[in-house]
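# Observations on the model geometry
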Amino acid sequence: MGWFKNMYKTLRDRRGTEKSISKNDIPTHPISTVSSLMEPCAMALNMDAGRILSIVSEAEAGQTRDLFALYRDVILVDSHIQSEWTKRKLAVLGDSISVLPFDKKNPADVKTAEAVNEAITGCKAFRMACSHMMDSSLYPISVVEKVYAPVQLGYAIANLVPVPYHLLDWTAGKLQIFDVDPVSGYILSTKHDPDPSRYIVHKGNLLAAPENWGGPMRSILFWWLLSAMSREWWARFLDRYGSPFLVGKFADDEGKNLLERAFSLATRLGGIVCSRDTSIEIQKVSSNDSGDAYDKFLSICQREKSKLIIGQTLSAEAQPTGLGSGVSSLQGAVRDDIRKFDAMMLSDTLIHQLITQFCQINNLPGRIPKLVWGSQSNEDIKAMGSLLQSFAAAGMELSDAGVTQMSENTGYSLQRKASVTSTTPFSADQLERGKLIVLNSSSRREAVEGLKTLYPTLEEREINTIIADALNR
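Let me begin by describing the structure that accompanies this report. (Residues numbered from 1 in each chain as written. Predicted model: local features only at pLDDT ≥ 70, side-chain atom pairs only at ≥ 80, totals over all residues. Heavy atoms only, no water.)

## Section: the nonpolar core
- If you look at the biggest cluster of nonpolar residues, it comprises 39 residues, and the most contacted ones within it are Met 47, Leu 70, Val 143, Leu 167, Leu 168, Leu 221 and Trp 224.
- The element best represented in this core is helix H3 (residues 65-77), accounting for seven residues.
- Leaving out residues up to four positions away in the same chain, Met 47 has contacts with Ile 52, Ile 55, Leu 70, Trp 224 and Leu 225.
- Of all hydrophobic cores here, the second largest spans 35 residues; its members include Ala 125, Met 134, Ile 361 and Trp 373. (Core = buried A, V, L, I, M, F, W, Y, C linked by side-chain atoms within 4.5 Å. Buried < 20%, exposed > 50% of the residue type's maximum accessible area, 1.4 Å probe, protein only. Helix = DSSP H or I, 4+ residues; strand = E, 2+ residues; numbered from the N terminus. Contact = heavy atoms within 4.5 Å.)

Put into structure tokens, the structure is as follows:
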């Protein structure tokens, strides 16, 4: 297997050395800027199960415009989905991003990492572009357009433009993007393939289904519909049965006619006039039972949404789990796994579809740097610190590769602590004699005087070194 390892190393080292790229392939202006007048109309109004099935069928045939418009409205009008989706994004975007050189001992790699870090920091649209890319955790994919600007020594990342979802189309059996009129911003009928030199196509989910089938978001459409309809059903119930109503009892037809006239005049008179033999009761429907049923049904819908988006439900509502059940820690671990996955997928896409091209355009000398977004959880970092202490007690320490790996895991740039070496200009035998003086002394003052008597030219730092070595043997 030695030949395979050598071949792999050669291919790996070749990354960043192939710098040739045509200037015609460098996009310097956006072509997907759409007028707001071309935004699809609201799809959530008067939505029912039949309409959702029709929209899904159209998407399976490649026409995803209505499906993505419905996704937009669902996230926009459902406060629960919007809140959970914001949590998932902030778990990644709220962390700092680190650009690490491929080999920190290689000056060319360090220089390349610094240039990439400066390019990312100087792009104001970088964070919002990453937010749009993270939409593909629910959407099937997300597309971002790259725009470069010529500078003195090369090209800078001028802008990262999110491509609206209503420009995407699969009617040709593959992803295509509708052309946009550069003056008016109107969508044209012609389409083009997403050129890798211009577009970033990010997929942040693990579904193997075709992209035009809707992605993970499709699975909560009916939960959204049921939760929205349950509010309407509850409002109708309260409108019809929420207010008390009158019940009249009569003994003969004359009493019946009297009650009917009295009920019809009750709203105007503010009261009812009836005979002594006629009885009237005010009945109130008990809304407690129906209210509990509504609350339970709505909670089920909201929990199903939370499970898909953030993998757990405890962060959305308080739920009794029992003392020492461990459910909270388990669901927290699931959410942390999702955060790590989102960060890993986002970093991989940026490295392969943005940073590699940036390095090639600017002929940077080093290899492609590593991109670390976020870090491990506080519990994992604490456990790693305890493990390192155990290693040190056993006489072991991390290698240079281990320090690099730990830097990537924690999100902090770490380096090996410089070891303190003895600088005394004596032989090993003379140094041992000095240590014996220290060990046979009853106090530090006596040890210092003995060392100065034996070696009159000793400096203070050399004395401290001998004492420290003697006490640590």
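## Observations regarding the pattern of salt bridges
- Throughout the structure, instances matching the rule amount to 15 salt bridges.
- Across the pair Lys 191 and Asp 169 runs a salt bridge whose closest N-O atoms are separated by 3.0 Å. Separated by 22 residues along the polypeptide, Lys 191 in strand S6 (residues 187-192) and Asp 169 in strand S4 (residues 168-169) bring together distant segments of the chain.
- On the basis of relative accessibility, which here comes to 6%, the residue Asp 169 falls in the buried class.
- Salt bridges here are not isolated pairs; linked through shared partners, they connect Glu 39, Arg 72 and Asp 73. (Salt bridge = Lys/Arg side-chain N within 4 Å of Asp/Glu carboxyl O.)

## A closer look at the sheet that holds strand S2 (residues 142-151)
- Within the open sheet, the three strands sit side by side as S3-S2-S7. Their pairing is antiparallel. Where the open sheet ends on each side, the last strands, each with one partner, are strand S3 (154-162) and strand S7 (199-202). Ignoring strand direction, the axes of neighbouring strands in this sheet form an average angle of 30 degrees.
- In this structure, S2 lies alongside S7, joined through four bridges in antiparallel fashion. (Pairing = 2+ DSSP bridges. Axes fitted to C-alpha atoms, helices over the stretch in contact; angles between N-to-C directions.)

## Points about the sheet that holds S4
- The three strands lie next to each other as S4-S5-S6, forming an open sheet whose pairing is antiparallel. At either margin of the open sheet sits one strand with a lone partner, and together these are S4 and S6.

## Concerning the packing of aromatic side chains
- Across all of its chains, the model carries six aromatic pairs by this definition.
- Measuring from ring centre to ring centre gives 6.2 Å for Phe 68 and Trp 170, while their planes differ by 65 degrees; the resulting arrangement is edge-to-face. Taken together, the residues Phe 68 in helix H3 and Trp 170 in the loop between S4 and strand S5 (176-180) connect sequence positions 102 residues apart.
- For Phe 68, a relative accessible area of 4% translates into the label buried.
- An aromatic cluster of three or more residues is present, and its members are Phe 68, Tyr 71, Tyr 139, Tyr 165 and Trp 170.
- Of note, Lys 370 hangs over the ring of Phe 102, and the distance from its end group to the ring centre comes to 5.8 Å. (Phe/Tyr/Trp six-rings, centres within 6.5 Å; stacked < 30°, edge-to-face > 60°. Lys NZ or Arg CZ within 6 Å of the ring centre and 35° of its normal.)

## Points about a nonpolar patch on the surface
- On the surface, Leu 436, Leu 439 and Leu 471 cluster together into a nonpolar patch covering about 300 Å² of accessible area.
- Looking at the element boundaries, Leu 471 is found in helix H15 (residues 460-471). (Patch = residues over 30% accessible without salt bridge, like charges linked within 9 Å, V, L, I, M, F, W, Y side chains within 5 Å. Areas by Shrake-Rupley, 256 points an atom, 1.4 Å probe, with all protein chains shown as cover.)

## Brief notes about the environment of Glu 60
- Turning to its location among the elements, Glu 60 is positioned in helix H2 (residues 49-60).
- Taking the C-alpha atoms as reference points, Glu 60 and Thr 171, separated by 111 residues in sequence, lie 9.2 Å from one another.
- When sequence neighbours within four positions are dropped, the list of residues in contact with Glu 60 reads Asn 212, Trp 213 and Arg 218.
- Among the polar contacts made by the side chain of Glu 60, one reaches the side chain of Arg 218 at a distance of 2.9 Å. (Polar contact = N/O pair within 3.5 Å; in protein donor to acceptor, adjacent residues only side chain to side chain.)

## What about the side chain of Ser 227?
- With respect to the element layout, Ser 227 can be found in helix H7 (residues 221-241).
- Within the local environment of Ser 227, its side chain forms a polar contact with the backbone oxygen of Trp 224, the two atoms lying 2.8 Å apart.
- Among residues more than four places away in sequence, those in contact with Ser 227 are Asp 78, Leu 298, Cys 301, Gln 302 and Lys 305.

## Examining helix H6 (residues 126-133)
- The element H6 is largely enclosed, with a buried count of six among its eight residues.
- Along H6, the residues classified as buried are Phe 126, Ala 129, Cys 130, Ser 131, His 132 and Met 133.

## Considerations on the layout of surface pockets
- By volume, the second largest pocket amounts to about 420 Å³.
- For the second largest pocket, the lining is made up of 19 residues, of which Arg 72, His 132, Asp 135, Tyr 139 and Tyr 165 are closest to its centre.
- Mapped onto the lining of the second largest pocket, the elements with two or more residues apiece are H3, helix H4 (79-93) and H6.
- Broken down by element, the residue count for the lining of the second largest pocket peaks at five residues, all from H3.
- Residue composition of the lining of the second largest pocket, by class: 11 nonpolar, three polar and five charged. (1 Å grid on protein atoms, 1.4 Å probe; cavity = no way out; pocket = protein on both sides within 12 Å on 5 of 7 lines; lining within 4 Å. Points joined across faces, edges and corners; volume = space filled by probe spheres on them. Nonpolar A, V, L, I, M, F, W, Y, C, P; charged D, E, K, R; others polar.)

## Quick look at the side chain of Asn 205
- Checked against the element boundaries, Asn 205 lands in the loop between S7 and H7.
- A polar contact of 2.8 Å, which involves the side chain of Asn 205, links it to the backbone oxygen of Ser 136.
- Polar contacts involving the side chain of Asn 205 include one to the main-chain carbonyl oxygen of Pro 140, which spans 3.2 Å.
- Look past the residues within four positions of Asn 205 in its chain and what remains in contact with it is Ser 136, Ser 137, Tyr 139, Pro 140 and Pro 216.

## A word on the pairing of S3
- As paired strands, S2 and S3 are joined by eight bridges and run antiparallel to one another. Residue pairing across strands places Pro 150 opposite Tyr 155, the latter belonging to S3.

## Brief notes about the packing of helix H14 (residues 444-454) against H15
- As a packed pair, H14 and H15 sit with axes 11 Å apart at the nearest point and diverge in direction by 115 degrees. At the point where H14 passes H15, the crossing takes the right-handed sense. Across from Arg 444, Val 448, Leu 451 and Lys 452 in H14, the residues of H15 making contact are Glu 460, Ile 463, Asn 464, Ile 466 and Ile 467.
- Its residues assigned to classes, the contact of H14 with H15 comprises five nonpolar, one polar and three charged. (Left-handed = near helix turned anticlockwise from the far one by under 90°.)

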